[in-house]
Amino acid sequence: MDLAGRLERHLAGWLGAWPPAGGLTVVGSEQRTRPGWDGKVYPVAGVATPDGTVLSVPPDLVEAVRAAGDDLGTVARALPGLVGRPDARFGRGVFRWSHSLVDVGDPEAVWLPPDDERVPPWLAVFNGDVLVHLDGDGRYGAGVGRKRHDANGSELSVATEERLRGRGLARRLVAQAARRVAEEGAVATYLHATSNAASARVADAAGFPDTGWRVLGLPVAS
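Just so it is clear, the model here is predicted, and its values are computed rather than measured.

Engineer: When you look at the side chain of Asp135 in this model, what are you seeing that I'm missing?
Structural biologist: When you line up the elements, Asp135 lands in the loop between strand E6 (130–134) and strand E7 (140–148). Apart from the residues within four sequence positions on either side, Asp135 is in contact with Arg163 and Leu164.

See the structure below:
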């Protein structure tokens, strides 16, 4: 199963170019002007690796962004103003992808449509079926949502209710969801804040190692 190839196709489509050519590569993509998985427009997106960075912006801003500087730090300071969001703060997070499909034991969980009444509000926003663990009385306990960016890549998000934490539910849900994504012909990605140690442990256990890649972007209005 060529998960690496799926990732390359996903990033090439999502950003407008991949892999990086070394240093900082600024590319223009119509994806930065179109609604994303949640209906919002994300004018800046990027992925940085130890081998280089691809930064994707709207096509009409490519020259201005390139003129802002040759290194990511300088460009990052200019980006909010260039995209008309002077108060926004350029952000970096950990970018992981499913290098291997692991089996850590499937939890008792069901796939549900996001509009199912048992799905909590945070999961109801996703644009694909969600994987949910329910208590014996049918109460929501934990779940994974899929941000289906395109046919080649789906980003996973997981959360567990406090009463059920420490039981390994999150890592098992993420591993199961990654297998579902792979069965559908895509690769699963997993993003989290650099300070989120709990999320990092879940990712490591579910087959998403930290290889030094970072996701880049600007927040968008709600």
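Now that the structure has been shown, we can carry on.
Engineer: What exactly am I supposed to notice about the environment of Val174 here?
Structural biologist: Along the chain, the position of Val174 falls in helix H4 (residues 169–183). The buried category is assigned to Val174, whose relative accessible area is 0%. For the pair Val174 and Ser157, spaced 17 residues apart in sequence, the C-alpha to C-alpha distance is 8.1 Å. When neighbours within four sequence positions are excluded, Val174 is seen to be in contact with Val144, Leu156, Val158, Tyr190, Val202, Ala206 and Phe208.

Engineer: How should I be thinking about the pairing of strand E2 (residues 45–49) in this particular structure?
Structural biologist: Most of E2 sits out of view: five of its five residues are buried. Side-chain alternation along E2 places Ala45, Val47 and Thr49 on one buried face and Gly46 and Ala48 on a second face that is also buried. In this structure, E2 lies alongside strand E3 (residues 52–57), joined through five bridges in antiparallel fashion. Residue pairing in the sheet places Val47 in a bridge with Val54 of E3. Here E2 folds back onto E3, and the loop between the two strands holds two residues. Both E2 and strand E10 (residues 214–217) contribute to a ladder of four bridges, which runs antiparallel. The residue bridging Ala45 from the neighbouring strand is Gly217, located in E10.

Reading the values: the criteria
- Residues numbered from 1 in each chain as written.
- Predicted model: local features only at pLDDT ≥ 70, side-chain atom pairs only at ≥ 80, totals over all residues.
- Heavy atoms only, no water.
- Helix = DSSP H or I, 4+ residues; strand = E, 2+ residues; numbered from the N terminus.
- Contact = heavy atoms within 4.5 Å.
- Buried < 20%, exposed > 50% of the residue type's maximum accessible area, 1.4 Å probe, protein only.
- Pairing = 2+ DSSP bridges.

Purely geometric numbers; function is a separate question.
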